[in-house]
Amino acid sequence: MELEQNQVVRWEGYVDWRNMPALRGRHGGMLAASFVLVVEILENLAYLANASNLVLYLRQYMHLSPSKSAINVTNFMGTSFLLALLGGFLSDAFFTTYHIYLISAVIEFLGLIVLTIQARVASLKPPECDSATPCREVNGGKAAMLFGGLYLVALGVGGIKGSLPAHGAEQFDETTVSGRKQRSTFFNYFVFCLSCGALIAVTFVVWVEDNKGWEWGFAISTISIFVSIPVFLAGSATYRNKIPSGSPLTTILKVLVAASLNRCIYRNSNIAVVNMASSPSNPHSGRKEAVEETEKSSKETEAPTNTLKFLNSAVENKPIHPSIECSVEQVEDVKIVLKVLPIFGCTIMLNCCLAQLSTFSVEQAATMNTKFGSLKVPPASLPIFPVLFIMILAPIYDHIIIPFARKVTKTEMGITHLQRIGIGLVLSIVAMAVAAVVEMKRKNVATHSGLLDDATKPLPITFFWIAFQYLFLGSADLFTLAGLLEFFFTEAPIRMRSLATSLSWASLAMGYYLSSVIVSIVNSVTGNSSHKPWLSGANLNHYHLERFYWLMCVLSGLNFLHYLFWAMRYKYRGTGTTTV
């Protein structure tokens, strides 16, 4: 009787931080997720405090050119988010999300220490330049220290982004309506907490970097990530941690190999007969045997579905070797992964647009009048506009818009994940058009003021004009990131959820990398003997940045059409998409 009672209250497939069975009522729930939300504020503060202002640090203190600074920032941020795939993979395959977060936080902490030391010690930076001393770009051991510290931070950030959202979402019971609604609320407030950390980063920390020195800015980030570790540990007794179930990549590879080999072998009738020689009178005996074995190994699915039929050959035919024998459940898991990949691909362009917030938009603002009354606002503090809007919109979305949408649509979600992502894509198109118009206005002011060649004086135009493109892109980020995180988590097989959720960050990474590629291609195509490249010149006023923004607007529009093609054909698998 006692054994049966213990089985009832246990969370099947989950353990606590001591590797003991997780218990219902004691582990999981909103209390456990609350620790994750607080940690996300501290973690994003530590990361974004430097990332938002890094382009100016590389220009002013490491003496990189504007284009090189922009490319290095996008590469750094892209690598950070791409490494989230590694964090998600390790969380699913070998460790729990709990352990991956702790390891990653320590790695980021070490990277920030390196950067703090370099910013503090003058001999570890290139010499200052003036009219008598030409600027020398950072190189040698100093460059190795700079990029070593940056990419240690990138590795740590990747591990955190790949484990923390999934860790928080795992705390909820998806078998109940209330649990699924709480999980949806968690993802909204996860983005809200991202913005809280960003708000402190782009205001207080950026002000410290610009007025007190970069060593103090790096020090604040170092302290922030250090404090996040005991805060995370404080929730240990409440967490439920999913037991790792082996490499999801192995499962995906095995199904693809089995389907390919079986399809090739059984397409040739002669080979098929040889392989099924054990029952020559019945050429389908091998298939029956394979199906029978599959039914034994799969409790949830009796036969493969008709979508992506080419994968069904992995279980419909007897495998040529036991090592590539697959279950129907494994085949269906791989089908889900393949079906969400086009959605992932369609969000890369939006994140390419977001990359401009950390590069060219900051440099635009640096040429403008950044005074707000008697206060001089650092250009890197401009993300305060989308951050504040996200912090206002996220609670309104969760407590007003979604409940209203649920009543109107009679569905549990109200607004589907794909609809939410689509809204974000449309906002990104508008943002790029606005950015192009604002840049045209900024350059007109520079021309009429006679400051086209003088980049030392601020233009007589307020930096608030840049706020419009930040506002639209920030709104796009809220809709798309929260929608993607929840979409990948709910649609993915439970054995692959951390890796699938990491696709949200990988999309950001690919967007940053794509931004660097587009900048290089644009300069290569537009630069010839009679014309200068669009994105080069003595200063930003000589750039044709407005043309670049119009190009991004057109590409984003084409990308949205591509997204509609896939989104309209996608059929949800996750629970919670039915009417209530």
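Since the structure is predicted, the reported quantities are computational estimates derived from the model, not experimental observations.

1. Considering the sheet that holds strand β1 (residues 10-15)
- Strand order in the open sheet formed by 3 strands is β2-β1-β3, and the pairing between neighbours is antiparallel. Here the strands that pair on one side only, and so sit at the sheet edges, are β2 (21-23) and β3 (241-242).

2. Remarks on the environment of Leu459
- Its location among the elements puts Leu459 in strand β7 (residues 459-462).
- Using a relative accessible area of 2% as the deciding quantity, one classes Leu459 as buried.
- For the pair Leu459 and Arg442, spaced 17 residues apart in sequence, the C-alpha separation works out to 8.1 Å.
- In this structure, Leu459 is in contact with Thr367, Met368, Asn369, Arg442, Val445, Ala446, Leu451 and Asn541, ignoring residues within four places of it in sequence.

3. Here we look at the nonpolar core
- Residues Tyr57, Phe76, Phe186, Phe360, Trp505, Phe548 and Tyr563 are the most contacted members of the largest nonpolar core, which totals 139 residues.
- Per element, the largest residue contribution to this core is 13 residues, and it comes from helix α18 (residues 417-448).
- Not counting chain neighbours up to four residues away, the residues in contact with Phe548 comprise Gln356, Phe360, Ile518, Val519, Val522, Trp534 and Leu535.
- Among the nonpolar cores identified, the runner-up in size contains 14 residues, and Ile252, Val255, Ala258 and Val328 belong to it.

4. Quick notes on the state of the cysteines
- Scanning the model with the defined rule gives 0 disulfides in all.
- Free of any disulfide, Cys553 has its nearest cysteine sulfur in Cys353, 8.4 Å distant.

5. A closer look at the side chain of Thr96
- With respect to the helices and strands, Thr96 occurs in the loop between α5 (84-93) and α6 (97-120).
- The class for Thr96 is buried, based on a relative accessible area of 10%.
- Ignoring any residue separated from it by four or fewer positions in sequence, one finds Thr96 in contact with Ser91, Asn241, Lys242 and Pro244.

6. A closer look at a nonpolar patch on the surface
- Together, Leu86, Val106, Leu110, Ile113, Ile117, Val121, Leu152 and Leu155 line one region of the surface with nonpolar side chains, adding up to about 560 Å² of accessible area.
- Of all the elements, α6 adds the most residues to the nonpolar patch, at 4 residues.
- Looking at where Ile113 falls in the secondary structure, it is placed in helix α6.
- By relative accessible area, Ile113 is classed as partly exposed at 31%.

7. Quick look at the pairing of β1
- Sheet analysis places β1 next to β2, joined by 2 bridges and oriented antiparallel. Within β2, the residue paired with Arg10 across the bridge is Leu23.
- Counting the residues in the hairpin turn of β1 and β2 gives 5 residues, including Asn19, whose phi is positive at 70 degrees.
- In this sheet, β3 lies alongside β1 in antiparallel orientation, the contact comprising 2 bridges.

8. What about the packing of aromatic side chains?
- Evaluated as defined, the whole model comprises 26 aromatic pairs.
- Ring geometry for Phe109 against Phe226: centres 5.5 Å apart, planes inclined by 40 degrees, an arrangement best described as tilted. Remark: Phe226 occurs in helix α9 (residues 214-234) and Phe109 occurs in helix α6; sequence separation between them is 117 residues.
- Where Phe172 meets Phe186, the ring centres are 6.0 Å apart and the plane angle is 50 degrees; that geometry is what we call tilted. Residue Phe172 is located in the loop between α7 (140-169) and α8 (177-211), and its partner Phe186 is located in helix α8; the two are separated by 14 residues in the primary sequence.
- Since its relative accessible area comes to 3%, Phe172 is described here as buried.
- An aromatic cluster is present here, built from Phe35, Tyr98, Tyr101, Phe232 and Tyr239 joined pairwise through their rings.
- The positively charged end of Arg240 is found above the aromatic ring belonging to Tyr14, 4.0 Å away from the centroid.
- Above the ring of Phe489, the side-chain terminus of Arg497 is found at 4.6 Å from the ring centroid.

9. Concerning the environment of Ser163
- Inspection of the secondary structure puts Ser163 in helix α7.
- Judged by its relative accessible area of 0%, Ser163 falls in the buried class.
- Note: C-alpha distance between Ser163 and Ser104 (59 residues apart in sequence) is 9.3 Å.
- Sequence-distant contacts of Ser163, that is, excluding residues within four places in its chain, are made with Ser91, Thr97, Ile100 and Tyr101.
- A distance of 2.8 Å separates a polar atom in the side chain of Ser163 from the backbone oxygen of Gly159.

10. Notes on helix α14 (residues 328-346)
- With 19 residues, α14 extends 29 Å between its outermost C-alpha atoms, agreeing within 8% with the 27 Å of an ideal straight helix rising 1.5 Å per residue.
- Of all the bends in α14, the greatest reaches close to 25 degrees and is centred on Val340; the proline Pro342 follows between one and four positions later.

11. Some thoughts on the confidence of the model for the protein
- Here the protein averages 80 in pLDDT, and 89% of its residues register 70 or above.
- Below pLDDT 50 for its whole length, residues 1-7 participates in 0 contacts with residues either more than four positions away or in separate chains.
- Contacts from residues 269-301, a stretch scored under 50 in pLDDT, to residues over four places away or in other chains number 31 contacts.

12. What about the pattern of salt bridges?
- All told, the structure shown has 11 salt bridges when counted by the stated rule.
- Between Glu332 and Lys335 there is a salt bridge, with its nearest N and O atoms 3.3 Å apart. Of this pair, Glu332 and Lys335 are both found in helix α14, 3 residues apart, which corresponds to roughly one turn of the helix. Each member of the pair, Glu332 as well as Lys335, carries the same accessibility label: buried.
- Taking the shortest distance from any N to any O, the salt bridge between Arg442 and Glu439 comes out at 2.9 Å. Placement of the pair is Arg442 and Glu439 together in helix α18, with a separation of 3 residues, close to one helical turn. Each member of the pair Arg442 and Glu439 is classed as buried.
- One connected set of salt bridges, linked through shared partners, spans Glu40, Glu43 and Lys161.

What counts as what
Residues numbered from 1 in each chain as written. Predicted model: local features only at pLDDT ≥ 70, side-chain atom pairs only at ≥ 80, totals over all residues. Heavy atoms only, no water. Pairing = 2+ DSSP bridges. Helix = DSSP H or I, 4+ residues; strand = E, 2+ residues; numbered from the N terminus. Buried < 20%, exposed > 50% of the residue type's maximum accessible area, 1.4 Å probe, protein only. Contact = heavy atoms within 4.5 Å. Core = buried A, V, L, I, M, F, W, Y, C linked by side-chain atoms within 4.5 Å. Disulfide = S-S within 2.5 Å. Patch = residues over 30% accessible without salt bridge, like charges linked within 9 Å, V, L, I, M, F, W, Y side chains within 5 Å. Areas by Shrake-Rupley, 256 points an atom, 1.4 Å probe, with all protein chains shown as cover. Salt bridge = Lys/Arg side-chain N within 4 Å of Asp/Glu carboxyl O. Phe/Tyr/Trp six-rings, centres within 6.5 Å; stacked < 30°, edge-to-face > 60°. Lys NZ or Arg CZ within 6 Å of the ring centre and 35° of its normal. Polar contact = N/O pair within 3.5 Å; in protein donor to acceptor, adjacent residues only side chain to side chain. Expected span 1.5 Å × (residues − 1). Bend = angle between axes of the 7 residues up to and from the residue. pLDDT = per-residue confidence, 0-100.

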